[in-house]
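Residue-level structural notes
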Amino acid sequence: MHSRLSRAGGLLWLAPAILILIAFVYVPLVQNFGFAASEWDIYSGTNEFVGAKNFERLVGDPVFWRSLGNNLLYAAVSIVLQVGAALVIAALIESVRSRRTRNALRTIYFIPSAISITVSGLLFYFIYEPNIGMLNSFLDTIGLGALAQPWLGQESTAMMGVIAMSQWQGFGYSALLFTVAIQRIPSELYEAAQIDGIGSVRRFFTITVPLVREMTGLMMIVTISGAFQVFNEVMVMTTGGPNNSTQVLGTWLYRNGFVRNDFGYAAAIAVVVFVLSLAIGLAQLWYTRKRRVEV
(Lines give C-alpha, C1' and ligand atoms only; values in the text may rest on other atoms or scores of the structure.)
Protein backbone atom coordinates (compact mmCIF):
# COMPACT_ATOMS: atom_id res chain seq x y z
CA MET A 1 0.00 0.00 0.00
CA HIS A 2 2.78 2.39 0.95
CA SER A 3 4.68 1.67 -2.28
CA ARG A 4 1.55 2.39 -4.33
CA LEU A 5 1.06 5.72 -2.57
CA SER A 6 4.72 6.59 -3.14
CA ARG A 7 4.40 5.71 -6.81
CA ALA A 8 1.22 7.76 -7.14
CA GLY A 9 2.91 10.69 -5.39
CA GLY A 10 5.85 10.48 -7.78
CA LEU A 11 3.55 10.47 -10.80
CA LEU A 12 1.71 13.46 -9.36
CA TRP A 13 4.96 15.41 -9.17
CA LEU A 14 5.84 14.38 -12.73
CA ALA A 15 2.40 15.20 -14.14
CA PRO A 16 3.04 18.93 -14.91
CA ALA A 17 6.27 18.12 -16.78
CA ILE A 18 4.58 15.28 -18.67
CA LEU A 19 1.65 17.51 -19.67
CA ILE A 20 3.98 20.26 -20.87
CA LEU A 21 6.02 17.71 -22.84
CA ILE A 22 2.88 16.33 -24.48
CA ALA A 23 1.45 19.77 -25.26
CA PHE A 24 4.60 21.39 -26.65
CA VAL A 25 6.52 18.44 -28.12
CA TYR A 26 4.41 15.42 -28.99
CA VAL A 27 1.21 17.15 -30.11
CA PRO A 28 3.06 19.53 -32.51
CA LEU A 29 5.10 16.55 -33.71
CA VAL A 30 1.96 14.62 -34.66
CA GLN A 31 0.42 17.76 -36.19
CA ASN A 32 3.50 18.24 -38.37
CA PHE A 33 2.86 14.87 -40.06
CA GLY A 34 -0.60 16.15 -40.97
CA PHE A 35 0.80 19.43 -42.30
CA ALA A 36 3.31 17.51 -44.45
CA ALA A 37 0.38 15.91 -46.27
CA SER A 38 -1.22 19.25 -47.14
CA GLU A 39 -0.73 22.50 -49.02
CA TRP A 40 -1.00 25.04 -46.25
CA ASP A 41 -1.05 28.82 -46.69
CA ILE A 42 -0.51 30.27 -43.22
CA TYR A 43 -1.55 33.78 -44.28
CA SER A 44 -4.88 32.93 -45.91
CA GLY A 45 -5.54 29.92 -43.67
CA THR A 46 -6.27 27.57 -46.59
CA ASN A 47 -5.27 23.97 -46.00
CA GLU A 48 -5.74 21.38 -48.76
CA PHE A 49 -4.91 17.68 -48.35
CA VAL A 50 -2.43 16.53 -51.03
CA GLY A 51 -1.28 13.18 -49.64
CA ALA A 52 2.32 12.28 -50.50
CA LYS A 53 2.75 15.09 -53.03
CA ASN A 54 5.18 17.05 -50.85
CA PHE A 55 7.37 13.99 -50.34
CA GLU A 56 7.37 13.37 -54.10
CA ARG A 57 8.60 16.93 -54.53
CA LEU A 58 11.43 16.18 -52.12
CA VAL A 59 12.65 13.32 -54.29
CA GLY A 60 12.91 15.60 -57.31
CA ASP A 61 14.28 18.66 -55.50
CA PRO A 62 18.05 19.05 -56.17
CA VAL A 63 18.42 21.66 -53.42
CA PHE A 64 16.95 19.23 -50.88
CA TRP A 65 19.52 16.58 -51.81
CA ARG A 66 22.30 19.15 -51.69
CA SER A 67 21.08 20.26 -48.27
CA LEU A 68 21.01 16.65 -47.04
CA GLY A 69 24.52 16.13 -48.39
CA ASN A 70 25.73 19.21 -46.50
CA ASN A 71 24.17 17.89 -43.29
CA LEU A 72 25.88 14.53 -43.81
CA LEU A 73 29.20 16.27 -44.45
CA TYR A 74 28.69 18.33 -41.31
CA ALA A 75 27.95 15.15 -39.32
CA ALA A 76 31.03 13.34 -40.66
CA VAL A 77 33.38 16.21 -39.81
CA SER A 78 31.75 16.62 -36.39
CA ILE A 79 32.22 12.93 -35.56
CA VAL A 80 35.91 13.12 -36.45
CA LEU A 81 36.59 16.35 -34.55
CA GLN A 82 33.99 16.66 -31.78
CA VAL A 83 34.08 12.96 -30.85
CA GLY A 84 37.38 11.47 -32.02
CA ALA A 85 39.73 14.44 -31.71
CA ALA A 86 37.96 15.75 -28.59
CA LEU A 87 38.51 12.42 -26.84
CA VAL A 88 42.23 12.47 -27.73
CA ILE A 89 42.62 16.05 -26.48
CA ALA A 90 40.74 15.23 -23.28
CA ALA A 91 43.03 12.26 -22.64
CA LEU A 92 46.10 14.43 -23.24
CA ILE A 93 44.81 17.10 -20.84
CA GLU A 94 44.12 14.53 -18.12
CA SER A 95 47.60 13.05 -18.58
CA VAL A 96 49.20 16.35 -17.51
CA ARG A 97 50.44 16.04 -13.96
CA SER A 98 50.07 19.68 -12.93
CA ARG A 99 46.53 20.35 -11.73
CA ARG A 100 46.87 24.06 -12.47
CA THR A 101 47.95 23.35 -16.04
CA ARG A 102 45.05 20.94 -16.52
CA ASN A 103 42.55 23.54 -15.33
CA ALA A 104 44.11 26.17 -17.59
CA LEU A 105 43.91 23.89 -20.63
CA ARG A 106 40.29 23.01 -19.92
CA THR A 107 39.45 26.70 -19.72
CA ILE A 108 41.32 27.54 -22.93
CA TYR A 109 39.52 24.84 -24.89
CA PHE A 110 36.11 25.65 -23.38
CA ILE A 111 36.13 29.43 -23.95
CA PRO A 112 34.89 29.24 -27.60
CA SER A 113 31.90 27.18 -26.45
CA ALA A 114 30.88 30.00 -24.12
CA ILE A 115 30.48 32.31 -27.13
CA SER A 116 27.07 32.21 -28.81
CA ILE A 117 26.85 30.71 -32.29
CA THR A 118 25.63 34.02 -33.68
CA VAL A 119 28.65 35.91 -32.33
CA SER A 120 31.00 33.15 -33.50
CA GLY A 121 29.44 33.26 -36.95
CA LEU A 122 29.92 37.03 -37.21
CA LEU A 123 33.50 36.67 -35.95
CA PHE A 124 34.38 34.13 -38.63
CA TYR A 125 32.47 36.09 -41.25
CA PHE A 126 34.96 38.92 -40.75
CA ILE A 127 37.90 36.50 -40.54
CA TYR A 128 36.93 35.13 -43.98
CA GLU A 129 36.30 38.61 -45.46
CA PRO A 130 38.35 38.59 -48.71
CA ASN A 131 39.79 42.14 -48.55
CA ILE A 132 40.56 42.89 -44.90
CA GLY A 133 39.86 39.52 -43.30
CA MET A 134 42.41 37.98 -40.96
CA LEU A 135 42.76 34.71 -42.90
CA ASN A 136 43.74 36.25 -46.24
CA SER A 137 45.95 38.80 -44.49
CA PHE A 138 47.75 35.97 -42.68
CA LEU A 139 48.28 34.09 -45.95
CA ASP A 140 49.74 37.24 -47.50
CA THR A 141 52.05 37.72 -44.51
CA ILE A 142 53.57 34.23 -44.74
CA GLY A 143 53.99 34.41 -48.51
CA LEU A 144 50.97 32.31 -49.48
CA GLY A 145 48.92 35.15 -50.89
CA ALA A 146 48.13 33.04 -53.96
CA LEU A 147 45.88 30.91 -51.74
CA ALA A 148 43.81 33.92 -50.62
CA GLN A 149 40.25 33.77 -51.90
CA PRO A 150 36.66 34.77 -51.08
CA TRP A 151 36.08 31.83 -48.74
CA LEU A 152 32.35 32.37 -48.25
CA GLY A 153 31.78 33.77 -51.73
CA GLN A 154 32.44 30.65 -53.78
CA GLU A 155 30.74 27.28 -53.81
CA SER A 156 33.90 25.20 -53.42
CA THR A 157 34.90 26.63 -50.02
CA ALA A 158 31.78 28.17 -48.46
CA MET A 159 30.42 25.05 -46.73
CA MET A 160 33.75 24.03 -45.25
CA GLY A 161 34.16 27.60 -44.00
CA VAL A 162 30.86 27.35 -42.12
CA ILE A 163 31.74 23.90 -40.76
CA ALA A 164 35.16 25.11 -39.57
CA MET A 165 33.52 27.86 -37.52
CA SER A 166 31.07 25.43 -35.97
CA GLN A 167 33.79 22.95 -35.02
CA TRP A 168 35.84 25.70 -33.40
CA GLN A 169 32.81 26.76 -31.38
CA GLY A 170 31.74 23.30 -30.21
CA PHE A 171 35.03 21.42 -29.85
CA GLY A 172 35.85 22.58 -26.33
CA TYR A 173 32.48 21.56 -24.91
CA SER A 174 32.93 18.01 -26.23
CA ALA A 175 36.47 17.83 -24.86
CA LEU A 176 35.26 19.00 -21.44
CA LEU A 177 32.60 16.27 -21.29
CA PHE A 178 35.20 13.66 -22.18
CA THR A 179 37.51 14.92 -19.42
CA VAL A 180 34.69 14.39 -16.93
CA ALA A 181 34.20 10.84 -18.21
CA ILE A 182 37.93 10.11 -18.00
CA GLN A 183 38.07 11.40 -14.41
CA ARG A 184 35.53 8.71 -13.44
CA ILE A 185 37.90 5.93 -14.51
CA PRO A 186 39.66 4.44 -11.44
CA SER A 187 43.28 5.63 -11.36
CA GLU A 188 44.33 2.14 -10.21
CA LEU A 189 43.75 0.84 -13.73
CA TYR A 190 46.25 3.30 -15.19
CA GLU A 191 48.74 2.67 -12.40
CA ALA A 192 48.55 -1.10 -12.90
CA ALA A 193 49.01 -0.70 -16.65
CA GLN A 194 52.01 1.57 -16.12
CA ILE A 195 53.59 -0.95 -13.74
CA ASP A 196 53.11 -3.64 -16.41
CA GLY A 197 55.04 -1.45 -18.84
CA ILE A 198 52.09 -0.59 -21.07
CA GLY A 199 52.70 2.60 -23.04
CA SER A 200 50.46 5.66 -23.07
CA VAL A 201 49.01 4.95 -26.53
CA ARG A 202 48.07 1.40 -25.61
CA ARG A 203 46.60 2.58 -22.29
CA PHE A 204 44.44 5.01 -24.24
CA PHE A 205 43.01 2.28 -26.48
CA THR A 206 42.73 -0.49 -23.86
CA ILE A 207 41.51 1.53 -20.86
CA THR A 208 40.30 5.01 -21.78
CA VAL A 209 38.37 4.25 -24.96
CA PRO A 210 36.40 1.25 -23.61
CA LEU A 211 35.56 2.91 -20.29
CA VAL A 212 34.25 6.14 -21.81
CA ARG A 213 32.05 4.23 -24.26
CA GLU A 214 28.83 5.55 -22.73
CA MET A 215 30.01 9.15 -23.04
CA THR A 216 31.19 8.43 -26.59
CA GLY A 217 27.75 7.05 -27.43
CA LEU A 218 26.07 10.10 -25.94
CA MET A 219 28.38 12.46 -27.84
CA MET A 220 27.72 10.58 -31.07
CA ILE A 221 23.97 11.01 -30.59
CA VAL A 222 24.28 14.69 -29.67
CA THR A 223 26.75 15.40 -32.48
CA ILE A 224 24.80 13.66 -35.24
CA SER A 225 21.46 15.04 -34.07
CA GLY A 226 23.01 18.50 -33.90
CA ALA A 227 24.37 18.08 -37.43
CA PHE A 228 20.83 17.63 -38.74
CA GLN A 229 19.58 20.66 -36.80
CA VAL A 230 22.18 23.15 -38.03
CA PHE A 231 20.60 26.53 -38.69
CA ASN A 232 22.13 29.59 -37.01
CA GLU A 233 25.63 29.03 -38.39
CA VAL A 234 24.46 29.07 -42.00
CA MET A 235 21.95 31.88 -41.57
CA VAL A 236 24.51 34.18 -39.96
CA MET A 237 27.37 33.48 -42.37
CA THR A 238 25.89 32.72 -45.80
CA THR A 239 22.05 32.43 -45.59
CA GLY A 240 22.43 29.34 -47.77
CA GLY A 241 24.46 30.89 -50.58
CA PRO A 242 26.23 31.16 -52.86
CA ASN A 243 23.89 29.40 -55.29
CA ASN A 244 22.43 27.25 -52.47
CA SER A 245 25.83 25.63 -51.90
CA THR A 246 25.55 25.97 -48.11
CA GLN A 247 21.89 25.13 -47.73
CA VAL A 248 21.16 22.60 -44.98
CA LEU A 249 17.84 20.99 -44.14
CA GLY A 250 17.07 23.60 -41.48
CA THR A 251 17.67 26.62 -43.72
CA TRP A 252 15.88 25.03 -46.69
CA LEU A 253 12.93 24.31 -44.40
CA TYR A 254 12.96 27.94 -43.23
CA ARG A 255 13.17 29.34 -46.75
CA ASN A 256 10.25 27.26 -47.99
CA GLY A 257 8.08 27.87 -44.94
CA PHE A 258 8.71 31.48 -43.96
CA VAL A 259 9.95 33.01 -47.23
CA ARG A 260 7.92 31.11 -49.83
CA ASN A 261 4.90 30.46 -47.58
CA ASP A 262 5.00 26.78 -48.56
CA PHE A 263 4.46 25.31 -45.11
CA GLY A 264 3.32 21.90 -46.32
CA TYR A 265 6.61 21.34 -48.12
CA ALA A 266 8.52 22.74 -45.14
CA ALA A 267 6.70 20.30 -42.86
CA ALA A 268 7.73 17.43 -45.16
CA ILE A 269 11.38 18.50 -44.76
CA ALA A 270 10.84 18.59 -40.98
CA VAL A 271 9.53 15.01 -41.10
CA VAL A 272 12.71 13.91 -42.87
CA VAL A 273 14.86 15.63 -40.23
CA PHE A 274 12.87 13.99 -37.43
CA VAL A 275 12.98 10.49 -38.95
CA LEU A 276 16.73 10.67 -39.64
CA SER A 277 17.55 12.00 -36.18
CA LEU A 278 15.32 9.42 -34.47
CA ALA A 279 16.71 6.50 -36.47
CA ILE A 280 20.33 7.48 -35.85
CA GLY A 281 19.68 8.10 -32.16
CA LEU A 282 17.95 4.75 -31.63
CA ALA A 283 20.67 2.90 -33.53
CA GLN A 284 23.39 4.54 -31.47
CA LEU A 285 21.57 3.84 -28.19
CA TRP A 286 21.22 0.18 -29.14
CA TYR A 287 24.89 -0.09 -30.08
CA THR A 288 26.05 1.68 -26.91
CA ARG A 289 23.89 -0.50 -24.65
CA LYS A 290 25.11 -3.63 -26.40
CA ARG A 291 28.77 -2.70 -26.01
CA ARG A 292 28.56 -1.26 -22.48
CA VAL A 293 31.60 -1.93 -20.31
CA GLU A 294 31.26 -2.15 -16.52
CA VAL A 295 34.07 -0.84 -14.32
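First things first, this report covers the structure right here in the doc. (Residues numbered from 1 in each chain as written. Predicted model: local features only at pLDDT ≥ 70, side-chain atom pairs only at ≥ 80, totals over all residues. Heavy atoms only, no water.)

Another aspect to go through is the overall build of the chain. Counting its secondary structure elements, the chain contains 13 helices and 2 strands. By principal-axis analysis of the C-alpha atoms, the chain measures approximately 80 × 75 × 30 Å. By the burial criterion, 39% of the 295 residues in the chain qualify as buried. Within the chain, counting contacts between residues at least 6 apart in sequence, those at least 24 apart form 67% of the total. Averaging the positions of the 20 positive and the 16 negative side-chain charges in the chain gives two centres separated by 13 Å. (Helix = DSSP H or I, 4+ residues; strand = E, 2+ residues; numbered from the N terminus. Buried < 20%, exposed > 50% of the residue type's maximum accessible area, 1.4 Å probe, protein only. Contact = heavy atoms within 4.5 Å. Lys, Arg positive; Asp, Glu negative; His and termini not counted. Charge placed at Lys NZ, Arg CZ, Asp CG, Glu CD.)

Our next topic: the pattern of salt bridges. What the rule picks out here adds up to 4 salt bridges. One salt bridge connects E155 with R66, and the closest N-O pair in it is separated by 3.1 Å. With E155 in helix 7 (residues 155-183) and R66 in helix 3 (residues 62-95), this pair connects stretches of sequence that are 89 residues apart. Judged by its relative accessible area of 32%, R66 falls in the partly exposed class. (Salt bridge = Lys/Arg side-chain N within 4 Å of Asp/Glu carboxyl O.)

Where helix 3 contacts helix 9 (residues 200-211), the two axes come as close as 12 Å, and the packing angle between them is 105°. Classed by the angle they form, the pair helix 3 and helix 9 counts as roughly perpendicular. Counted together, L87, V88 and A91 of helix 3 and F204, T208 and V209 of helix 9 form the full contact between these two elements. Taken together, the residues of the contact of helix 3 with helix 9 sort by class into 5 nonpolar, 1 polar and no charged. (Axes fitted to C-alpha atoms, helices over the stretch in contact; angles between N-to-C directions. Parallel < 35°, antiparallel > 145°, perpendicular 65-115°, else oblique. Nonpolar A, V, L, I, M, F, W, Y, C, P; charged D, E, K, R; others polar.)

Inspection of the secondary structure puts L218 in helix 10 (residues 213-227). By relative accessible area, which is 43% here, L218 ends up partly exposed. When the C-alpha atoms of L218 and R100 are compared, they prove to be 28 Å apart, with 118 residues separating the residues in sequence.

Along the polypeptide, D61 turns up in the loop between helix 2 (53-59) and helix 3. No salt bridge is formed by the buried D61; its nearest oppositely charged neighbour, R260, is found at 6.2 Å. A polar side-chain atom of D61 sits 2.9 Å from a polar atom in the side chain of W252. Residues contacting D61, with those up to four places away along its chain left out, are W252 and Y265. (Polar contact = N/O pair within 3.5 Å; in protein donor to acceptor, adjacent residues only side chain to side chain.)

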